[in-house]
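If you want the building blocks of each chain, they are given just below.
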Amino acid sequence: MSGAASYLARRATQREKVGILYRRALKYSINCAIHRHLFYPDADALRERFDANKNVVSLLLVTQVREPFDSNRRMRLRLIQENG
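Residues numbered from 1 in each chain as written. Predicted model: local features only at pLDDT ≥ 70, side-chain atom pairs only at ≥ 80, totals over all residues. Heavy atoms only, no water.

J.: I'm lost on the packing of helix α1 (residues 2-32) against helix α2 (residues 36-52) in this one. Help?
T.: The description of two packed helices rests on the angle between their axes and on the distance between the axes. Viewed as axis vectors pointing N to C, α1 and α2 meet at an angle of 160 degrees, and their least axial separation amounts to 9 Å. One element, α1, and the other, α2, form an angle in the roughly antiparallel class. Our pair here, α1 against α2, has a crossing hand that is right-handed. Contacts between α1 and α2 involve Val18, Leu21, Tyr22, Ala25, Leu26, Ser29 and Ile30 from the former and Arg36, Phe39, Asp42, Ala43, Leu46, Arg47 and Phe50 from the latter. For the contact of α1 with α2, a count of residues per class yields 10 nonpolar, 1 polar and 3 charged. (Axes fitted to C-alpha atoms, helices over the stretch in contact; angles between N-to-C directions. Helix = DSSP H or I, 4+ residues; strand = E, 2+ residues; numbered from the N terminus. Parallel < 35°, antiparallel > 145°, perpendicular 65-115°, else oblique. Left-handed = near helix turned anticlockwise from the far one by under 90°. Contact = heavy atoms within 4.5 Å. Nonpolar A, V, L, I, M, F, W, Y, C, P; charged D, E, K, R; others polar.)

What follows is the structure, given as structure tokens:
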């Protein structure tokens, strides 16, 4: 029973991390966009990428899928910090 509870706890943590990652990615996208009309296509593409992986249940696969999003977020953050 503790194995199932542990798995469910890790799964809930992963879902929370993915949600936070999505919100941060949107925030960084809007900070990088000069005008709102440039932000909307980027936001749509981001949403499609998240929706395509919405039903992934393997914790290992979730971690692998999350890595490109994390690296993209780090790149955007670096651009924002460089451009002030």
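Read on for the rest.
J.: I would appreciate a short explanation of the pattern of salt bridges in the present structure.
T.: When the charged atoms of two side chains with opposite charge come close together, those side chains can pair. Under the defined criterion, the tally for this structure stands at 1 salt bridge. Note that Arg47 is salt-bridged to Asp51, the shortest N-O span being 3.1 Å. Taken together, the residues span about one helical turn, with Arg47 and Asp51 both in helix α2 at a distance of 4 residues. (Salt bridge = Lys/Arg side-chain N within 4 Å of Asp/Glu carboxyl O.)

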